[in-house]
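Structural overview
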Amino acid sequence: AQFEQRARSEAAELVQCRFGPELLAALGQMYKLRAEIYLADESAGRFSFTKRMASIRHCSKTIQHKFDFYSYCSDSFVQLRHLGHSLEAFEASVPPKSEASDQSAQEGAGTGTPNAPTEQEQQEQQQKMEIALREVEKKLTEALPVFARTGCAQVVTDIDSTVTQVGRKLLKDKSAPWQIRLRRLQAWHRLGEIFYEEGIKALEASGESALNLTEGVGKAFVALIKSERCDRPK
């Protein structure tokens, strides 16, 4: 009872972190799958059917995690390409300050007929910049969740490999008696169940994924672009 209470208290702290519910659920799931493999090895035998089925479940889950990561990588490349096109369009809408424009302005000032854009042309140029800037903000808003999910999927694949290595060193310690190894396995499995339950519960309670990073970040990025590009001298 004390072990479960401490485990749930630890899980309650972990779900408060960014991406906490998703990563905690993935960690708990891998704990359970690895513990099932070693439990079958200790109880049913190394070449038993129970262990083979546990290994199949573990392999299928790791393959799914890798497939999700590669899928998100592909989506990220597509979103990055769209964002790049919108940035290029915004750059094209900003009139650059060139030597030719300076020279023509000086010649116009010398002849008394300045070659400056009219007020209507300035308004049209400003409208084009605003439209291009809104398009950049739209593409960035669409891209940020995909980028975040790609990073989270990469962390999940790292969790898969890390749990595998840690499980082999901790749960297959031949220097410990088999009774101690069995108790470790049972505790490891129960810890995975608690982490998975708390992670799924936090996801359901929030009603949405913690990967929604569009609020604030997109506006800050657009404001940075605007300050760097729109405020430069013309």
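Before reading on, note that the structure itself is shown above.
The structure reproduced in this document is the subject of the present report.

Packing of helix α2 (residues 20–43) against helix α5 (residues 119–171) brings their axes to within 9 Å, and their N-to-C directions diverge by 35 degrees. Where α2 crosses over α5, the handedness of that crossing is right-handed. The residues of α5 that touch α2, namely those facing Glu-22, Leu-23, Ala-26, Leu-27, Met-30, Tyr-31, Arg-34 and Tyr-38, are Cys-152, Val-155, Val-156, Ile-159, Asp-160, Val-163, Thr-164, Gly-167, Arg-168 and Leu-171. Grouping the constituent residues of the contact of α2 with α5 by class yields twelve nonpolar, two polar and four charged.

Another aspect to go through is the nonpolar core. The biggest cluster of nonpolar side chains holds 26 residues, and the ones touching the most others in it are Leu-23, Leu-27, Tyr-31, Ile-159, Val-163, Trp-188 and Phe-195. Among the elements that line this core, the one with the most residues is α2, at ten residues. If near-sequence neighbours (up to four positions away) are discounted, Leu-27 is found in contact with Ile-159, Val-163 and Phe-195. One finds Leu-83, Phe-90, Val-94 and Met-129 within the second-largest nonpolar core, a separate group that totals nine residues.

Looking now at the packing of helix α1 (residues 2–14) against helix α6 (residues 178–206). At their nearest, the axes of α1 and α6 sit 9 Å apart, and the two run at 40 degrees to each other. Considering their axes alone, α1 and α6 lie oblique with respect to each other. The two elements α1 and α6 meet at a crossing, and its hand is right-handed. Within the contact between the two elements, α1 uses Phe-3, Glu-4, Ala-7, Arg-8, Ala-11 and Leu-14 and α6 uses Ala-187, Arg-190, Leu-191, Ile-194, Phe-195, Glu-197 and Glu-198.

Turning our attention to the environment of Lys-172. Residue position: Lys-172 is located in the loop between α5 and α6. Of the residues examined, Lys-172 reaches a relative accessible area of 21% and is grouped as partly exposed. When the C-alpha atoms of Lys-172 and Arg-184 are compared, they prove to be 9.7 Å apart, with twelve residues separating the residues in sequence.

How each quantity is defined
- Residues numbered from 1 in each chain as written.
- Predicted model: local features only at pLDDT ≥ 70, side-chain atom pairs only at ≥ 80, totals over all residues.
- Heavy atoms only, no water.
- Axes fitted to C-alpha atoms, helices over the stretch in contact; angles between N-to-C directions.
- Helix = DSSP H or I, 4+ residues; strand = E, 2+ residues; numbered from the N terminus.
- Left-handed = near helix turned anticlockwise from the far one by under 90°.
- Contact = heavy atoms within 4.5 Å.
- Nonpolar A, V, L, I, M, F, W, Y, C, P; charged D, E, K, R; others polar.
- Core = buried A, V, L, I, M, F, W, Y, C linked by side-chain atoms within 4.5 Å.
- Buried < 20%, exposed > 50% of the residue type's maximum accessible area, 1.4 Å probe, protein only.
- Parallel < 35°, antiparallel > 145°, perpendicular 65-115°, else oblique.

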